[in-house]
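Architecture at a glance
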Amino acid sequence: MKNTARSPREILANIYMSETGKVLLAVALFSLVFMLIEPLNAAALFVTYILLQVTGWYLQLKLNHRFLKL
């Protein structure tokens with residue numbers, strides 16, 4: 001990504017578009033999994049997805065807190 005000066009409105013719009021793309025990609029991939037995988041345990045799939053999301057959030061907060069001490 002280029003390091004160009006942009007307005008806060010453009011930065012926020014870019015963040016929202018990126019998050020929207022991420023959610024749409026997750027929905028599309030979940031749909032593919034449900035259509036293509038025959039013996040599927042939906043509970044295990046969603047629990048694993050939620051666990052991965054929470055782990056990512058935890059690690060991000062932990063690392064941010066670690067670097068704030070520097």
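Let me sum up the structure you'll find in this document. As a convention, each chain's residues are numbered from 1 in the sequence order in which they are written. The predicted origin of the model limits local features to residues at a pLDDT of at least 70 and limits the giving and counting of side-chain atom pairs to 80 or more, whereas totals for whole chains, interfaces and linings rest on all residues. The side-chain numbers reported here are obtained from all heavy atoms of the structure, hydrogens and water having been left aside.

**Observations concerning the overall build of the chain**
On a plain count of helices and strands, the chain comes out with two helices and zero strands. Surface exposure here means Shrake-Rupley accessible area, sampled with a 1.4 Å probe, where a residue is shielded only by the protein chains that are shown. Element-wise, carbon and sulfur atoms account for 71% of the exposed surface of the chain, whose accessible area totals about 6700 Å². Numbering goes from the N terminus for both helices and strands, where a helix is a DSSP run of H or I of at least four residues and a strand is a run of E of at least two.

**A closer look at the packing of aromatic side chains**
Classification of ring pairs rests on two measures: the distance between centres of Phe, Tyr or Trp rings, Trp counted by its six-membered ring, which must be within 6.5 Å, and the angle between planes, read as stacked under 30 degrees, edge-to-face over 60 and tilted in between. Per the counting criterion, the structure on display carries three aromatic pairs. A centroid spacing of 5.0 Å and a plane angle of 85° characterise the contact between Phe30 and Tyr49, whose relative ring orientation is edge-to-face. In this pair, Phe30 is assigned in helix α1 (residues 8-36) and Tyr49 in helix α2 (residues 42-68), connecting sequence segments 19 residues apart. For every residue, the accessible area obtained with a 1.4 Å probe (protein chains only) is divided by the maximum for its type, and the residue is called buried under 20%, exposed over 50%, and partly exposed between those limits. According to the relative accessible area criterion, Phe30 is buried, its value standing at 17%. A residue is classified by how much of its surface remains accessible, and Tyr49, at 33% relative accessible area, is partly exposed. With a centroid separation of 5.9 Å and 35° between ring planes, the pair formed by Phe34 and Phe46 is classed as tilted. Here the residue Phe34 occupies a position in helix α1, and Phe46 occupies one in helix α2, the gap between them amounting to 12 residues. When its relative accessible area of 39% is taken as the criterion, Phe34 is described as partly exposed. When its relative accessible area of 36% is taken as the criterion, Phe46 is described as partly exposed. In textbook terms, an aromatic cluster arises when at least three aromatic residues are bridged by ring pairs, as seen for Phe30, Phe34, Phe46 and Tyr49.

**Description of a nonpolar patch on the surface**
Patch definition: residues with relative accessible area over 30% and no salt bridge; like charges joined within 9 Å; nonpolar side chains (Val, Leu, Ile, Met, Phe, Trp, Tyr) joined within 5 Å. Between Lys or Arg on one side and Asp or Glu on the other, a salt bridge is scored when a side-chain nitrogen of the former is within 4 Å of a carboxyl oxygen of the latter. Residues Leu25, Leu29, Leu32, Met35, Leu36 and Ile37 make up a contiguous nonpolar surface patch of roughly 610 Å² in combined accessible area. If you trace the backbone, Ile37 turns up in the loop between α1 and α2. Residue classification places Ile37 among the partly exposed positions, given a relative accessible area of 41%.

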